[in-house]
2 protein chains.
Amino acid sequence: MSQDHLDARRRQILDGARACFARHGYEGATVRRLEEATGLSRGAIFHHFRDKESLFLALAEDDALRMADVVAAQGLVQVMRDLLDEPEKRTEEHAADWLGTRLEVSRRLRTDPDFRGRWAERSEQLTAATRQRLIRQREAGNLRDDVDVTVLTSFLELVLEGLVSHLAMGLPADDMEPVLDLVEETVRRHRRSS
Amino acid sequence: MSQDHLDARRRQILDGARACFARHGYEGATVRRLEEATGLSRGAIFHHFRDKESLFLALAEDDALRMADVVAAQGLVQVMRDLLDEPEKRTEEHAADWLGTRLEVSRRLRTDPDFRGRWAERSEQLTAATRQRLIRQREAGNLRDDVDVTVLTSFLELVLEGLVSHLAMGLPADDMEPVLDLVEETVRRHRRSS
């Protein structure tokens with residue numbers, strides 16, 4: 001197989017597995033279900049990934065890198081707006097599945113201390129991308145300058161975490177746009193107010 | 001048994017079960033583990049609660065009511081600060097266990113559509129308490145008046161959701177105080193800024 005074929009196969013496995021983990025959770029994503037979701041045999045799947053754990057971490061990392069790209073170009077609030085959008089309007093087309101992965105990561109972090117260490121290295125890209133973007137926005141004069149960039153980064157990440165949780169719980173999100181406007185305004189340079 | 005005894009017994013079951021669900025998750029909280037955690041027999045437990053589902057919903061409701069009391073008196077940001085505090089400093093002494101219950105609620109809402117309906121009725125107290133508190137703060141002139149109370153309520157709930165998720169994942173929270181200061185400032189009446 002050529003490198004292109006290998007890459008395409010890897011992508012096929014990650015996309016199928018993402019949907020499968022999102023739907024059934026980590027434990028529920030059995031090898032049989034992973035075969036169905038990817039359209040590949042277990043032999044083919046585990047040729048590319050050592051085990052289920054490695055597959056899950058690879059796709060969580062894949063998601064984090066993709067989100068970091070959107071953050072770098074458009075900011076973390078845009079990532080949040082994408083999560084609210086109809087699938088066809090999303091900048092990040094895998095947002096719904098990404099949501100499932102992210103929730104599954106949350107659950108495993110809570111119940112599996114070993115997983116926490118392996119995840120920590122992979123979760124830093126999004127923070128770094130958010131921070132870099134905010135620093136550039138501050139240099140451009142678009143960011144408020146009375147609050148530390150570290151605090152603003154944590155604030156945006158906390159709201160994203162809340163939104164992920166909210167959406168994953170299937171709670172209504174049609175009233176969220178003005179909330180995200182408020183979040184965006186909070187990190188921006190203050191206009192004089194009355 | 002007198003009513004006082006019945007109430008005390010009910011409280012004993014709820015407190016033991018809360019710790020048990022927080023530690024093992026809903027499915028992992030077996031009847032045997034519930035017996036150990038409460039120090040009572042299954043007969044005694046299911047004399048008070050029809051089944052495990054009813055027990056779980058009762059304690060989720062119990063938590064929501066308790067949180068609503070703190071919100072009414074001190075606001076939702078204080079609830080968040082309590083979550084960050086050392087156990088001995090907490091206004092809400094069950095914050096850590098409450099966190100586990102809340103995460104378990106999140107997971108079940110995601111994976112169990114039937115549960116969603118049963119939960120909806122019980123989750124409204126906290127929203128109502130937050131909203132009432134904000135309305136009183138606006139009347140007292142402490143709240144910004146350029147954003148609808150509904151939006152501010154959703155904003156605070158979203159941040160709480162994020163904080164719950166953050167803490168439940170075991171992520172470091174020692175840098176969260178200035179973030180909560182920013183959240184509090186965002187809903188308050190704007191000071192003139194430069």
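Residues numbered from 1 in each chain as written. Chains lettered and ligands numbered in written order. Predicted model: local features only at pLDDT ≥ 70, side-chain atom pairs only at ≥ 80, totals over all residues. Heavy atoms only, no water.

Trainee: Provide a residue-level description of the UniProt feature "domain: HTH tetR-type" (unreviewed entry) in chain A, including the pertinent values.
Mentor: UniProt marks residues 7-67 of chain A with the feature "domain: HTH tetR-type" (unreviewed entry), using the numbering shown here. Helix makes up 87% of residues 7-67 of chain A and strand makes up 0%, while its end C-alpha atoms are separated by 20 Å. (UniProt positions renumbered as here; feature names shortened; annotations may be inferred. Helix = DSSP H or I, 4+ residues; strand = E, 2+ residues; numbered from the N terminus.)

Trainee: Mind laying out the environment of Thr150(A), listing which residues take part and the relevant values?
Mentor: Residue and element names in this part refer to chain A. Tracing the chain through its elements places Thr150 in helix 9 (residues 149-168). The exposure class of Thr150 is partly exposed, given its relative accessible area of 35%. In sequence terms Thr150 and Ser2 are 148 residues apart; their C-alpha atoms lie 44 Å from each other. (Buried < 20%, exposed > 50% of the residue type's maximum accessible area, 1.4 Å probe, protein only.)

Trainee: Would you mind going over the pattern of salt bridges in detail, with residue names and values included?
Mentor: With the rule as written, the count across this model stands at 32 salt bridges over all chains. Across the pair Glu184(B) and Arg81(B) runs a salt bridge, and its minimum N-O distance is 2.8 Å. Pair noted here: Glu184(B) is in helix 10 (residues 177-187) and Arg81(B) is in helix 5 (residues 76-84), with a separation of 103 residues, a long-range link. Residue classification places Arg81(B) among the buried positions, given a relative accessible area of 14%. Where salt bridges share partners, they join Arg11(A), Asp15(A), Arg18(A), Asp62(A), Asp63(A) and Arg66(A) into one cluster. (Salt bridge = Lys/Arg side-chain N within 4 Å of Asp/Glu carboxyl O.)

Trainee: Mind laying out the relation of the copies chain B and chain A, listing which residues take part and the relevant values?
Mentor: With an RMSD of 0.0 Å, chain B superimposes on chain A once it is rotated by 180° and translated 0.0 Å along the axis. This pairing of chains is accounted for by a two-fold axis. For chain B, the residue whose C-alpha comes nearest the rotation axis is Gly162(B), separated from it by 1.7 Å. Most of the interface of chain B is mirrored in chain A: 100% of its interface residues are interface residues there too. (Least-squares fit on C-alpha atoms with pLDDT ≥ 70 in both. Contact = heavy atoms within 4.5 Å.)

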